[in-house]
Amino acid sequence: MAMRKRDDEVFPNAAGIDVGASSHWVAVPRHLAEQAGCEPVREIGAMTDDLNALADWLLALGVDTVALESTGVYWIPVYEVLEQRGLKVWLVDARQMKYVPGRKSDVQDCQWLQKLMSLGLLRAAWRPDGEVCVVRAVARQREVLITEQASWVQRMQKSLVQMNIQLTEVLADVMGMTGQAIIRAIVAGERDPLVLARHRHSRVKASAEEITKALTGNWREEHLFVLRQALAMYDDIAKHLLECDAKLQALLDQRSQTRVDLGKAPKAGSKSRVEFDVRQALANWAGVDLTRINGLGVTVVMKLLSEIGPDVSRFASVKHFCSWLGLCPGTKISGGKVLSSGTKRSANRARQALKIAAMNLSHSDSALGAFYRRLCGRMDKPRANTATAHKLARMVYFMLTRGEAFVDQGQQRYEEQQRERSIAALKRRAAALGFRINPLAAAA
């Protein structure tokens, strides 16, 4: 087989960088290195000065495109420095290197990456712009804090159970208003079950006698010590969560372009008002209110916008967007036979948020809820969940690109449309067999 000529190369002036923790290996095209009288492979350090020197070297050689292999978080400083210097940086998934066979070693890896890039055999991973990355960093930190706070709640529950304080048997939420009041009273030194039961809120289903019985246990000092520390950690994380919320609100306010009318705001100071303010900020940033879509709450919309941003025009079409999310069925076909049509495995956070939203539609009386339940009758729930998440992704894409408002037709209208489609399909089938279908009322 004849070798491809240099004139046919897609990126003849591309460089490849094998990213590491303490140093990086860089390979440039041999013809550029020969013109400059230097070696085509060079090792550089990971310090900022080293990265700036790398950018100077690449620009002096005439390199216009750089391929980076996504390795942990070590690629981020390299990506940002090179991009700021005007170079076009491609972030390449490491799995693409595995799919294209070739000799690889610590030194040759960058050369192999540069070769594949120059031949156009690699594809760049999608990364949102800098403003979205700022919001994403704070939003992900908030998720970490929520997870950590939940783990300390579990430790509190464990300490209570070890003292045979069965608070979880009488309260749906241990950290609700009643649960927190009781736990804080215990930490403060109160041990009388009757006194502790007085913190019961009027909306709690369990009676005061049941709560008193649940609060009768063994007050072991070591478990009280763990409970005290777990509550202190819970409160400390709550302070950091408030800081994250304030930071997110400030970032969203800075990025608000137009004000979307969401109707009358709830009363100031209420819990619903706080959620409304976040929803308003997200709508102003995106230009549309994505929470109008059934199943997409404020939490899901926050995760979607912080991961992908409001601008999805970089995707060529809605099919490309859904494919990037990992919600499109596969098309592995050989010899005219479908080998596999399942979706690929993905850790995409936006994909996970949409699948959670699809799961919340199981009891919804909306058209999307009826769609999800109809799919559950035809296939297993995981596949129905993925298909519904795919439908949600298409709605999100069209709302962000077209600025259209979502209008729910309702479950009844959806079922009528499905009935009309079923009747039309039966008529076509009957006509193909030489029959005609008449309604019962007409026949009578």
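Along every chain, residues carry numbers that run from 1 in the direction the sequence is written. The predicted origin of the model limits local features to residues at a pLDDT of at least 70 and limits the giving and counting of side-chain atom pairs to 80 or more, whereas totals for whole chains, interfaces and linings rest on all residues. Only heavy atoms go into the side-chain values, all of them from the structure, while hydrogens and water stay out.

Caption draft 1: Examining empty space enclosed by the protein more closely. The distinction between a cavity and a pocket rests on a 1 Å grid over the protein atoms alone: a 1.4 Å probe fits inside a cavity but cannot get out, while a pocket stays open yet meets protein on both sides within 12 Å along at least five of seven lines, and a residue with an atom within 4 Å of a point counts as lining. Grid points are joined across faces, edges and corners, and a volume is the space filled by probe spheres set on the points. Applying the stated rule across the entire model yields one cavity of 30 Å³ or more. The volume enclosed by the largest cavity comes to roughly 30 Å³. Around the largest cavity, the lining residues are Arg279, Leu282, Ala283, Ala286, Val288, Asp289, Leu290, Thr291, Val301 and Leu305. Of all the elements in the fold, those that place two or more residues in the lining of the largest cavity are α11 (271-286) and α12 (298-308). Strands here mean DSSP runs of E at least two residues long; helices mean DSSP runs of H or I at least four residues long; both are numbered from the N terminus.

Caption draft 2: Representation of the confidence of the model for the protein chain in the model. On average, residues of the protein chain carry a pLDDT of 87, and 93% of them reach 70 or more. Predicted confidence is poor over residues 1-8, with pLDDT under 50, and the contacts of this stretch with residues over four places away or in other chains come to three contacts. Per residue, pLDDT captures the predictor's confidence, and it can take any value from 0 to 100. A contact between two residues is defined here by any heavy atoms of the two lying within 4.5 Å.

Caption draft 3: Structural context of the environment of alanine 350. Take alanine 350: it is sitting in helix α14 (residues 349-359). C-alpha of alanine 350 to C-alpha of lysine 427: the two residues are 77 residues apart in sequence and 41 Å apart in space. Ignoring sequence-local partners within four residues, the contact set of alanine 350 consists of Leu304, Glu307, Ile308 and Leu325.

Caption draft 4: Region of the structure containing the packing of aromatic side chains. Pairing of aromatic rings covers Phe, Tyr and Trp, the last counted by its six-membered ring, and requires centre-to-centre distances within 6.5 Å; plane angles under 30 degrees mean stacked, over 60 mean edge-to-face, and any other angle means tilted. Enumeration over the complete set of coordinates arrives at eight aromatic pairs. Taken together, a centroid distance of 5.1 Å and an interplanar angle of 40 degrees make the contact between tryptophan 126 and phenylalanine 315 tilted. One end of the pair, tryptophan 126, is in the loop between α5 (108-118) and α6 (130-162); the other, phenylalanine 315, is in the loop between α12 and α13 (318-325), and 189 residues separate them in sequence. Given the relative accessible area of 7%, phenylalanine 315 is considered buried. Between phenylalanine 315 and phenylalanine 321, the ring centres sit 5.3 Å apart and the planes meet at 70 degrees, which makes this aromatic pair edge-to-face. The exposure classification of phenylalanine 315 matches that of phenylalanine 321, with both residues buried. Only protein chains enter the calculation, and the probe is 1.4 Å; a residue is then buried if its accessible area is under 20% of its type maximum, exposed if over 50%, and partly exposed in between.

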